[in-house]
Amino acid sequence: QVQLEESGGGLVQAGGSLRLSCAASGRTFIVDTMGWFRQAPGKEREFVAHISWPGRITRYADSVKGRFALSRDAKNTVYLQMNSQQSEDTAVYYCEAKRSGATSYDYWGQGTQVSVSS
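K.L.:
Help me understand the state of the cysteines, please; the structure alone is not making it clear to me.
P.N.:
Simply put, disulfide is the name for a covalent bond between the sulfur atoms of two cysteines. Applying the stated criterion across every chain yields a total of one disulfide. Across the disulfide, Cys22 is cross-linked to Cys95 (sulfur-sulfur distance 1.9 Å). Taking the sign of the S-S torsion, -85° for the link of Cys22 and Cys95, the bridge is left-handed. With Cys22 in strand S3 (residues 18-26) and Cys95 in strand S9 (residues 91-99), this residue pair connects regions lying 73 residues apart in the sequence. The class of Cys22 is buried, set by a relative accessible area of 0%. The class of Cys95 is buried, set by a relative accessible area of 0%.

K.L.:
Looking at this structure, how should I read the pattern of salt bridges?
P.N.:
Opposite charge on two side chains permits pairing when their charged atoms draw close. Counting across every chain of the model gives six salt bridges. As a salt-bridge pair, Arg38 and Glu46 come within 2.6 Å of each other at their nearest N and O atoms. For Arg67, the salt bridge goes to Asp89, with nearest N and O atoms at 2.8 Å. Of this pair, Arg67 sits in the loop between strand S6 (57-60) and strand S7 (68-72) while Asp89 sits in the loop between strand S8 (77-82) and S9, and the two are 22 residues apart along the sequence. We classify Asp89 as buried; its relative accessible area is 0%.

Conventions adopted
- Residues numbered from 1 in each chain as written.
- Predicted model: local features only at pLDDT ≥ 70, side-chain atom pairs only at ≥ 80, totals over all residues.
- Heavy atoms only, no water.
- Disulfide = S-S within 2.5 Å.
- Helix = DSSP H or I, 4+ residues; strand = E, 2+ residues; numbered from the N terminus.
- Buried < 20%, exposed > 50% of the residue type's maximum accessible area, 1.4 Å probe, protein only.
- Salt bridge = Lys/Arg side-chain N within 4 Å of Asp/Glu carboxyl O.

What follows is the structure, given as structure tokens:
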């Protein structure tokens, strides 16, 4: 199994920045993709960004392109740098991970709240 622990959420003013972290532990060698989804009140969960390896291939939702940046370190932690935040970014952010060869995400974190005040 793989465990995911998120941190870094909080309250930020519009235009500000936050950085989320997601640390993976356990059988991390089976994972080839990690990233983030988010769910705003009354809305469905939506894809934000992910990074795949080898090759550090990143993909972003159109709504965050140019504002958010995803990176991964050698210790299986991924970071979501969120800049120029907008009120529409307010949501619970969930870290996810996918096993190599799987077609959907297998592991999820508990979620961390991000609130952007206008």
